[in-house]
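# Structural overview
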Amino acid sequence: MSQQEGIPAVLAVDVGGSKYMTGLVCPSGKVLWKERAVWSQINAQAVYNQLEQAISHALCVAQNRNISVSAIGMTIPGLADPERGRWISARFMGIYDLAIGPLLAQKFSLPVFLDNDCQACALAEWQFGSCTDCKHFLYLTVSNGVGGALFLNGALYYGAGGFAGEMGQLPLTDLEGKLSTLEDLASGRALWERYLALGGKVPQNLTIPTGAFLTQQAEVGDPAALKAFQAEGYYLGLGILAASKLLDPGRVIIGGGLSLAFDYYQKPLLHTLHAHYTGRAQPPQVFCTSLGYDGGLLGAAALALRGSIHL
């Protein structure tokens, strides 16, 4: 279903827990077209069917706009096996060992390349974002959970079992000396729980906690929100400190929903990182992602481009 001539592009599919997005992306990173949709039903078969329909529609758009699609790239939440193109697990979606890559490749006669969304976003930062000139960096996704990806020596680093970079599981002690993890202390969920513990007030019509609400509260000087973000920066700083002393990355990129609130925890994060960074090495630079809302879509495109080059 791909065209032989036309504007060169890849078909990017960014899969999330509540929504998915498809897009047509040039090798330069320019998004030619994109479309967002919400899952109508979530289980393995329903997710596959909806993605198949979305890809069919995207290919029709490509044909109508004289866009030549060479490959499909896909980001997925949870665990992935990029070598076999399998979606290993996403427990909250009820998906286990789904051969989504081979199935879609057979359906559309196009190569399909997939990976975990955090790994893909790191690749996009190197391909299109603020790390095009950096061979060693750490990517952090800070949202409802905390994820991580390592880009070392000019390539993604997966580790012996494919689980390298799982920063959310990094062990840390809280201010009371209790052993915990970075995800338990610095995720969006932890930020919200800390805000409530500090006496933060929530409107009755707000049924789902959001980082946007806490950002609004910080903007108007809510003491509980400001203190919660102060702790957020402290714990992220500790996590980055530990990873940096081991790996010495040149940069750390923060993505995910809480990257939008970076201004409210940047100062305590950098203070924690610099105050405890001893030795001859320099602490890494820390930035929020430059790719914005399209980071996941560009991550999927980067996977397709990387795979196409290696064919």
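Position numbers for residues start from 1 in each chain and track the written sequence from start to end. For this predicted model, a pLDDT threshold of at least 70 governs which residues receive local features, and a threshold of 80 or more governs which side-chain atom pairs are given and counted, while totals over whole chains, interfaces and linings are taken from all residues. Just so you know, side-chain values use all the structure's heavy atoms and leave hydrogens and water out.

### Notes on the overall build of the chain
Only DSSP runs of H or I covering at least 4 residues are called helices, and only runs of E covering at least 2 are called strands; the numbering of each starts at the N terminus. The secondary structure content of the chain amounts to nine helices and 15 strands. The reference for a compact globule is 2.2 Å times residues^0.38; the radius of gyration itself is calculated from the C-alpha atoms. In summary, the chain has a C-alpha radius of gyration of 20 Å against a globular reference of 19 Å for 311 residues, a match within 12%. Taking the principal axes of the C-alpha coordinates as reference, the chain spans close to 60 × 50 × 35 Å. Type-normalised accessible area, obtained with a 1.4 Å probe on protein chains alone, sets the label of each residue: buried when under 20%, exposed when over 50%, and partly exposed for intermediate values. The burial tally for the chain puts 51% of its 311 residues in the buried class. Contact definition: two residues touch when any of their heavy atoms are within 4.5 Å. A separation of at least 24 residues holds for 64% of the contacts in the chain among residues at least 6 apart in sequence. Residue exposure ignores everything except the shown protein chains as possible cover, and the areas themselves are Shrake-Rupley values with a 1.4 Å probe. Put simply, the chain shows about 14,700 Å² of open surface, and 52% of that area lies on carbon and sulfur atoms.

### Observations concerning the packing of helix α5 (residues 188–197) against helix α6 (residues 211–219)
All axes here are fitted lines through C-alpha atoms, helices being fitted over the stretch that makes contact, and every angle between N-to-C directions spans 0 to 180 degrees. In contact at an axis separation of 10 Å, α5 and α6 are set at 45 degrees when each is read in the N-to-C sense. Of the possible angle classes, the one that applies to α5 and α6 is oblique. At the point where α5 passes α6, the crossing takes the left-handed sense. Contacts between α5 and α6 pair Leu191, Trp192 and Tyr195 from the former with Phe213, Leu214 and Gln217 from the latter. With respect to orientation, any angle under 35 degrees is reported as roughly parallel, any angle over 145 as roughly antiparallel, any angle of 65 to 115 as roughly perpendicular, and every other angle as oblique. A clockwise turn of the near helix away from the far one marks a right-handed crossing, whereas an anticlockwise turn of less than a right angle marks a left-handed crossing.

### Observations concerning the environment of glycine 94
Locating glycine 94 in the fold gives a position in the loop between β6 (86–90) and β7 (95–98). Note on glycine 94: relative accessible area 39%, which makes it partly exposed.

### As for the pattern of salt bridges
Pairing is possible between side chains of opposite charge, provided their charged atoms come close. Salt bridges are defined by distance alone: a side-chain nitrogen of Lys or Arg within 4 Å of a carboxyl oxygen of Asp or Glu. For the structure shown, the criterion picks out five salt bridges. Where lysine 19 meets aspartate 14, a salt bridge forms, and the shortest distance between an N and an O atom there is 3.2 Å. Accessibility assignment for this pair places lysine 19 and aspartate 14 in one class, buried. For arginine 84, the salt bridge goes to aspartate 81, with nearest N and O atoms at 2.7 Å. A residue is classified by how much of its surface remains accessible, and aspartate 81, at 18% relative accessible area, is buried.

### Overview of the side chain of asparagine 116
Note that asparagine 116 resides in strand β8 (residues 112–116). Contact partners of asparagine 116, with chain neighbours within four places excluded, come to Ile76, Gly78 and Ala80.

### Brief notes about the environment of glycine 16
With respect to the helices and strands, glycine 16 occurs in the loop between β1 (7–15) and β2 (19–25). For the pair formed by glycine 16 and tyrosine 157, sequence separation is 141 residues and the distance between their alpha carbons is 23 Å. With near-sequence residues (within four places) excluded, glycine 16 lies in contact with Trp39, Pro77 and Met93.

### Looking at the sheet that holds strand β10 (residues 146–152)
Spatial ordering of the open sheet is given by β11-β10-β9-β14-β15, a layout of five strands whose pairing is mixed. Whereas interior strands pair on both sides, the edge strands pair on one side only; in this sheet they are β11 (155–157) and β15 (285–288). Averaged over all pairs of adjacent strands, the angle between strand axes in this sheet comes to 25 degrees, irrespective of strand direction. Where β10 meets β11, three bridges bridge the pair, whose relative direction is antiparallel. Within β11, the position partnered with leucine 152 by the bridge is alanine 155. Being paired, for any two strands, means DSSP has found at least two bridges between them.

### Notes on the packing of helix α1 (residues 44–64) against helix α2 (residues 100–108)
Across the interface, α1 lies against α2 with an axial gap of 11 Å and an inter-helix angle of 40 degrees. The orientation of α1 relative to α2 falls into the category oblique. For the element pair α1 and α2, the recorded crossing hand is right-handed. Contacts between α1 and α2 pair Tyr48, Leu51, Glu52, Ile55, Ser56 and Leu59 from the former with Ile100, Leu103, Leu104, Lys107 and Phe108 from the latter. Classification convention: Asp, Glu, Lys, Arg as charged; Ala, Val, Leu, Ile, Met, Phe, Trp, Tyr, Cys, Pro as nonpolar; all other residues, Gly among them, as polar. Taken together, the residues that form the contact of α1 with α2 break down as eight nonpolar, one polar and two charged.

### Side note on the packing of aromatic side chains
Centres within 6.5 Å are what make two rings of Phe, Tyr or Trp a pair, Trp counting through its six-membered ring; a difference in plane orientation under 30 degrees is then read as stacked, over 60 as edge-to-face, and the rest as tilted. Enumeration according to the criterion identifies ten aromatic pairs in this entry. With a centroid separation of 4.9 Å and an interplanar angle of 20 degrees, the aromatic rings of phenylalanine 137 and phenylalanine 151 are classed as stacked. Here phenylalanine 137 is found in strand β9 (residues 137–142), whereas its partner phenylalanine 151 is found in strand β10, with 14 residues between them in sequence. Phenylalanine 151 shares its class with phenylalanine 137; the two are buried. Measuring from ring centre to ring centre gives 6.1 Å for tryptophan 192 and tyrosine 195, while their planes differ by 45 degrees; the resulting arrangement is tilted. Highlighted residues: tryptophan 192 and tyrosine 195, both in helix α5, separated by three residues, approximately one helical turn. Here tryptophan 192 matches tyrosine 195 in class, with each residue buried. Each member of the aromatic cluster is reached from another via a ring pair, and the members are Phe229, Phe262, Tyr264 and Tyr265. Of note, lysine 245 hangs over the ring of tyrosine 277, and the distance from its end group to the ring centre comes to 4.5 Å. Any Lys NZ or Arg CZ found within 6 Å of a ring centre and within 35 degrees of that ring's normal is scored as a charge over the ring.

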